[in-house]
Amino acid sequence: MALPNYFQDPNTLHINTTPHHAYFIPHQSLETISSREQSPYFTLLNGDWDFNYYESYHDLPEDFLNTAFEHKIPVPSNWQNHGFDHHHYTNINYPFPFDPPFVPHQNPCGLYHRTFQFESNGKRYLLNFEGVDSCLFFYVNRQFVGYSQVSHSTSEFDVTDFLTQGTNHLHVVVLKWCDGSYLEDQDKFRMSGIFRDVYLLEREQNYLQDFFVRYELSEDLSEATLSLDLQFIAENRPLKVELISPENVSVFCKQAVNFCEKITNVQLWNVENPQLYTLILRTENEVIVQKIGFRKAEVKDGVFYFNNQPIKFKGVNRHDSDPKTGYAISYAQALKDLQLMKQHNINAIRTAHYPNAPWFTELCDRYGFYVIAESDVESHGASMLAVKTPEPSIFLNHENDLETARIRQETIDNFCYFARDPAFKKAILDRQQANVERDKNRTSVIIWSLGNESGYGENFEAAAAWIKQRDPSRLVHYESSIYQHSEYQNDLSNLDFYSEMYGSTEDIDCYCETLKTKPFILCEYSHAMGNSNGDMEDYWQTFHRHPQSCGGFIWEWCDHAPYRENRQFGYGGDFGETPHDGNFCMDGLVSPDRIPHSNLKEVKNVNRPVRARFEDGKIVLHNYLDFTNLADILTVNYEFVQNGITTSGGFLEVDCEPHQSVVLPISLPENNGSHWLLNLSYTQNWDTELLEMEHELGFDQINLYPQNSLKKQLLVVTQTAFSVNETALTVEIHNEDYRYLFDKQKGIFSQIEKAGEPLIEQPLDFQFWRAPTDNDRLIRAAWQNAGYDNAYMRAYETVVNVSEQAVEIRVTSAIVSISRGRILTLDLVYTILADGQFSVKINAQRPAHLPFLPRFGLRFALSKNIGVAEYFGYGELESYIDKHHLAKLGVYRTTAEQNHTDYVKPQENGSHFGCEYVKFDRLYATADQPFSFNLSPYTAEELTAKIHCYDLVKSPYMIFNIDYKMSGIGSNSCGPNLKDEYRLNETEFEVEFQFILG
Ligand code: GAL
Ligand code: MG
């Protein structure tokens, strides 16, 4: 069956659709406005539709409008989630040959059909598809109505002349690929079908097709001049317009065609207090309700201001995604996302990389989020056409050798293909129009984004210029404008931000200290892949340092992975697809089913609304909110913890204006040698729609006398007799109570027994490998190349000194790697005190040319029945040198099982930073300095080897690591290198571990 070739013609985008316009639903009266389903003018056509799937549209039967159906499929949904076609995850690479505007003949096709009953009221009838991937041919009663593309935009057809009384047939042919797919190369699972709602609207004969609420605010923001642009399909006619205040008081009510109304004492909208007015538009038969908020977003002197305050975006990038429903997101799912975001101090969303469902931004208006609304444009795959395939991180690569610079420029030139090709200008503009027109009355939308990763050129210049004239009230963003074609001088004058993704804190410093012309926005940063977001605090310290820097949007909100059999998550490659990008889709703050990762907890506390600091013997609170007095939102709860035990506390309401600081009226304990912590917890002091009263908004912890320690000192010796037997290969130290067997070849204990029971089930081990995190994906190669994953211990010389009180074993040894050389040279002093306590003092040297170490410490394989571990350190969630703002110092208890974080792709997890001791029934472990420890049911080797958590095999033992240091987490999976200060990069270091057998 030959379909018309609209889908391979970038000049044919829509046939017989109504023009892009604002999203609204007409009602008959105010009674039904709480949901569109209640409007008598709205008929939802979701549900189970008849469905046939064809591997190629060429297989569509000639007479497909009369064909029989084999299957049912829910609308909305993606057919890949219902057993048709297969899942395919690709990031940058196009999943088909680059041959625009052509797409493969083998173009999968879905034929949809349903009937519905219809009685005409003599009005106009508009059939709406809110989202279809990638294009649709639409037929009513077997007559062709129209065609449309642009997956994430509404296609509306006037079907009045096609409908008949009684039963009506709807047929929709959906193709997986069309020329528009070249502009929809977003990093996502590629799914197809009718994935958003379908409904029929009943409208008046001369109906209001579109309106645009505009206003000007006075300098002090207290007055607004409100006007309305109306667009009826025929002559404009008078409307009754009423504005109701947030307190439900009528502000004005007018009959007018054009009007302009002054509003005084304006109550402003912001995300902390999203005050909305209600605008009611009435014709004879229709009531249209539009919520509006008054706010002003502008750039002055390179600084971004919202309602005259310099504010920062604590943002995330959000895709519409769900492991079960794919791109089809219900109201409840979206609301859950917003609630989780509120609970975790996120105040902004970039709709990456396409408009979300039309009602999504309505929710953002209501609950208070700043939105960057992005157009459905990404043509990243064009950048992969360079003669030499570029390494995807080429853009982040700052190396400047000639060859790299040449590949980089060639990549950029290719990248700009669609941005410059006149054949795609119409399509790129159409996508801006779809975005802007639909959401132009949304208060939350304060920035339009031209799209993502499509290079720059004339087509985007035209797009930015069009937006600026259509909607001068909002700001325009486009990150890819920094990519300039070698033969073109870009015009950036219509772009309001300087935008980057994944820049380092140094890049921000550099821009803000030198260029300063436009605000710096990080539209993506702190890539949340696996165990990640180790850099949040540093980013925020940097954002706060510079007024020009207005925060950023974390990549990304949610992992995306569809369910495989057994409800296990599958990522790229798990569906037999090629090309694919592995687990690069698992880079969210929450799991595919919205369970927060520790990443989100780190983000939450770094983003806390208030921060405490200890200054001149006083506790000073700073209010980081932009519009709210602290007393109006939170209670400060405080408690003093002496030697790990809470002694006293209380709560305070604190009067503190936005961006101001106050001293907390609490008196601090004297330094009596104890370990004293002050814990401050900030809790919501009233119920809001998304946050319950007493919800914790964040916390601070102040270590009042950091020099005071909690750990036991290992000096007391109870005099006990013991014997020492030394052979060529071993040293044995024992009495009735304990036995140590020392391996002179390896330079470490191979057995430790206490009261006749083994303490370790395998020889002790120095461990410096960790299961690479996703952020280690680049350094991993260097680690492996240096042989870090293939090394063992060997000793050179052992000297045993026996006194009455102790045995001392001095060892010179090294960690050597197969096919490589020495990784560490170790000078070790083991001391076994007469009563069985032991310590090991380590001096380690690492050749400077080797990469930094993942970690360094001792590994114990403990018997499973060793019981619960108690520790004092950063818990209870996993914590690292650069990721511990989610955790508090305290006494915690855990088991190996509880301590494990089950990342879908296994990796290092569950460490605890800043520990003073770890205690099991049979072992007390500490060190001469705060240390990191880990307890896991899995060995690092097992976590390294497996690529899915559900394939992990538990060790027969409990794996306990005590580390001098664990290198930080960072966000290098797609971002800057781990900062030096978080690497175990010392070429020489010393540590002493101490143990008491229990
Ligand atoms: C960016 C892109 C995102 C995502 C991310 C990596 O380059 O804009 O869509 O691919 O990298 O996860
Ligand atoms: Mg991309």
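Worth saying up front: this structure is predicted, and the values here are computed from it rather than measured.

Participant: Go over the pairing of strand β52 (residues 838-845) with me, naming the residues and quoting the values.
Facilitator: Within β52, six of the eight residues are buried, leaving the element largely enclosed by the surrounding structure. Examined bridge by bridge, strand β51 (residues 822-833) and β52 share eight bridges and lie antiparallel to one another. Bridging across to β52, Tyr830 finds its partner in Val840. Pairing analysis gives eight bridges linking β52 to strand β59 (residues 988-997), with the strands arranged antiparallel. Residue pairing in the sheet places Lys841 in a bridge with Glu992 of β59.

Participant: Tell me about the coordination of the magnesium ion (ligand 2), and please be specific about residues and values.
Facilitator: Four donors placed tetrahedrally around a metal ideally meet at 109.5 degrees, and six donors placed octahedrally ideally meet at 90 or 180 degrees. Around the magnesium ion (ligand 2), the protein supplies Glu378 (OE), His380 (ND1) and Glu453 (OE) as donor atoms, at distances of 2.1 to 2.2 Å. Expressed as a motif, the donor residue spacing for the magnesium ion (ligand 2) is E-x1-H-x72-E. With a gap of 75 residues between them, Glu378 in the loop between β30 (370-374) and α3 (402-415) and Glu453 in the loop between β31 (445-449) and α6 (458-470) connect regions that are remote in the sequence. With a relative accessible area of 0%, Glu378 lands in the buried category.

Participant: Pulling in residues and values, what's your account of the UniProt feature "domain: Beta galactosidase small chain/" (unreviewed entry) in the chain?
Facilitator: Annotation from UniProt places "domain: Beta galactosidase small chain/" (unreviewed entry) at residues 732-996. Counting secondary structure, residues 732-996 comes out at 6% helix and 48% strand; the distance between its end C-alpha atoms is 18 Å.

Participant: Help me get a handle on the sheet that holds strand β7 (residues 124-129), residues and values and all.
Facilitator: Whether parallel or antiparallel, the strands of a sheet pair through hydrogen bonds between backbone atoms. Read across the open sheet, the four strands follow the order β2-β15-β7-β11; overall the sheet is antiparallel. Taken across any chain shown, the strands that pair with only one partner, and hence form the sheet edges, are β2 (42-44) and β11 (155-158). Looking at each pair of strands side by side, their axes are set apart by 20° on average, direction ignored. Both β7 and β11 contribute to a ladder of four bridges, which runs antiparallel. Note on β11: the bridge partner recorded for Phe129 is Ser155.

Participant: Requested: an account of the nonpolar core, with residues and values cited.
Facilitator: The biggest cluster of nonpolar side chains holds 93 residues, and the ones touching the most others in it are Leu3, Phe7, Val173, Leu338 and Trp557. The biggest single contributor to this core is α6, with five residues. Counting contributing residues, this core receives three or more from each of domain 1 (14-203) and domain 3 (299-387 + 397-605). Excluding residues within four positions of it along the chain, Leu3 makes contact with Tyr57, Leu60, Phe64, Phe137, Tyr139, Val173 and Leu175.

Participant: Just give me the short version of unusual backbone geometry, but keep the residues and values in it.
Facilitator: The residue after Val75, namely Pro76, is reached through a cis peptide bond having omega 5°. Note that Pro76 resides in the loop between β4 (71-75) and β5 (89-90). Asp133 connects to Ser134 through a cis peptide bond whose omega is 5°. We note that Asn141 has phi near 45°; this positive angle belongs to a residue other than glycine. You can see Asn141 is positioned in the loop between β9 (135-140) and β10 (143-149).

Participant: Account for the site of ligand 1, naming residues and giving values.
Facilitator: In the vicinity of ligand 1, the contacting residues are Asn91, Asp187, His353, Asn452, Glu453, Met501, Tyr502, Glu524, His527, Trp555, Phe584 and Asp587. Trp555 has a polar side-chain atom sitting 3.1 Å from an oxygen atom of ligand 1. Within the side chain of Asp587, a nitrogen or oxygen atom sits 2.9 Å from an oxygen atom of ligand 1. Against a free-state accessible area of 310 Å², the protein chains account for coverage of 96% of ligand 1. Partitioned by chemical class, the residues of the shell around ligand 1 number four nonpolar, four polar and four charged.

Participant: Give me the packing of aromatic side chains: which residues, what numbers.
Facilitator: Enumeration over the complete set of coordinates arrives at 81 aromatic pairs. A centroid spacing of 5.7 Å and a plane angle of 55° characterise the contact between Phe252 and Phe259, whose relative ring orientation is tilted. For Phe252, a relative accessible area of 7% gives the class buried. Note on Phe259: relative accessible area 10%, which makes it buried. Ring centres of Tyr277 and Phe294 lie 5.0 Å apart, and the angle between their planes is 85°; on these two criteria the pair is classed as edge-to-face. Placement of the pair is Tyr277 in strand β23 (residues 277-282) and Phe294 in the loop between β24 (287-292) and β25 (297-300), with a sequence separation of 17 residues. Judged by relative accessible area, Phe294 falls into the buried class, the value being 0%.

Participant: Talk me through helix α2 (residues 360-367); I want residue IDs and the actual numbers.
Facilitator: Counting buried positions along α2 gives six out of eight residues, so the element sits mostly inside the fold. Residues of α2 that are buried include every one of Phe360, Thr361, Leu363, Cys364, Asp365 and Tyr367, and no others. In the stretch just after α2, Gly368 is the one whose phi turns positive, near 90°.

Participant: Go over the domain arrangement of the chain, please, and point to the residues and values.
Facilitator: Taken domain by domain, the chain holds domain 1 (14-203), domain 2 (209-285), domain 3 (299-387 + 397-605), domain 4 (609-703) and domain 5 (725-997). Distance from the C-alpha centre of domain 3 to the C-alpha centre of domain 4: 34 Å. Between domain 3 and domain 4 the total buried area reaches about 1,500 Å² when both faces are included, carbon and sulfur atoms providing 52% of it. On the surface where domain 3 and domain 4 come into contact, there are two salt bridges. Between Arg611 and Glu537 there is a salt bridge, with its nearest N and O atoms 2.9 Å apart. Scanning the region where domain 3 abuts domain 4 turns up eight residue pairs in polar contact (both at pLDDT 80 or more). Looking at the side of domain 3 that touches domain 4, the elements with two or more residues in it are β27 (309-310), α1 (331-343), α2, α8 (536-545) and α9 (598-606). Partitioning the side of domain 3 that touches domain 4 into residue classes produces seven nonpolar, eight polar and four charged.

Participant: Describe in detail the sheet that holds strand β45 (residues 738-743), supporting the description with residues and values.
Facilitator: Taken in spatial order, the five strands line up as β43-β44-β45-β46-β47 in an open sheet, and their pairing is antiparallel. Strands at the two margins of the open sheet, each flanked by one partner only, are β43 (723-726) and β47 (757-758). Bridge count between β43 and strand β44 (residues 730-734): four bridges; the pairing is antiparallel. Paired with Val724 across the two strands is Ile733, which belongs to β44.

Participant: Tell me about the side chain of Asn679, residues and numbers included.
Facilitator: Here Asn679 shows up in strand β41 (residues 676-684). For Asn679, a relative accessible area of 10% corresponds to the buried category. Among the polar contacts listed, one links the side chain of Asn679 to the side chain of Gln701, at a separation of 2.8 Å.

Participant: Quick rundown of the pattern of salt bridges? Include the residues and the values.
Facilitator: Under the defined criterion, the tally for this structure stands at 55 salt bridges. Across the salt bridge formed by Lys440 and Glu437, the nearest N and O atoms sit 2.9 Å from each other. Using a relative accessible area of 1% as the deciding quantity, one classes Lys440 as buried. Three or more residues are tied together by salt bridges with common partners; here these are Arg196, Arg318, Asp320, Asp337 and Arg594.

Participant: Account for the environment of Lys888, with residues named and values stated.
Facilitator: In this structure, Lys888 sits in strand β55 (residues 888-894). Considering only alpha carbons, one finds Lys888 and Leu127, 761 residues apart in sequence, at a separation of 55 Å. Ignoring anything within four residues of it in the chain, the contact list for Lys888 reads Asn679, Glu696, Phe699, Gln701, Gly873, Tyr874 and Gly875.

Conventions and cut-offs
- Residues numbered from 1 in each chain as written.
- Chains lettered and ligands numbered in written order.
- Predicted model: local features only at pLDDT ≥ 70, side-chain atom pairs only at ≥ 80, totals over all residues.
- Heavy atoms only, no water.
- Buried < 20%, exposed > 50% of the residue type's maximum accessible area, 1.4 Å probe, protein only.
- Helix = DSSP H or I, 4+ residues; strand = E, 2+ residues; numbered from the N terminus.
- Pairing = 2+ DSSP bridges.
- Donors = N, O, S within 2.8 Å, 3.2 Å for Na, K, Ca; no water.
- UniProt positions renumbered as here; feature names shortened; annotations may be inferred.
- Axes fitted to C-alpha atoms, helices over the stretch in contact; angles between N-to-C directions.
- Core = buried A, V, L, I, M, F, W, Y, C linked by side-chain atoms within 4.5 Å.
- Domains from an automatic or database assignment.
- Contact = heavy atoms within 4.5 Å.
- Near = heavy atom within 4 Å.
- Polar contact = N/O pair within 3.5 Å; in protein donor to acceptor, adjacent residues only side chain to side chain.
- Areas by Shrake-Rupley, 256 points an atom, 1.4 Å probe, with all protein chains shown as cover.
- Nonpolar A, V, L, I, M, F, W, Y, C, P; charged D, E, K, R; others polar.
- Phe/Tyr/Trp six-rings, centres within 6.5 Å; stacked < 30°, edge-to-face > 60°.
- Buried area = accessible area lost by both parts, 1.4 Å probe.
- Salt bridge = Lys/Arg side-chain N within 4 Å of Asp/Glu carboxyl O.

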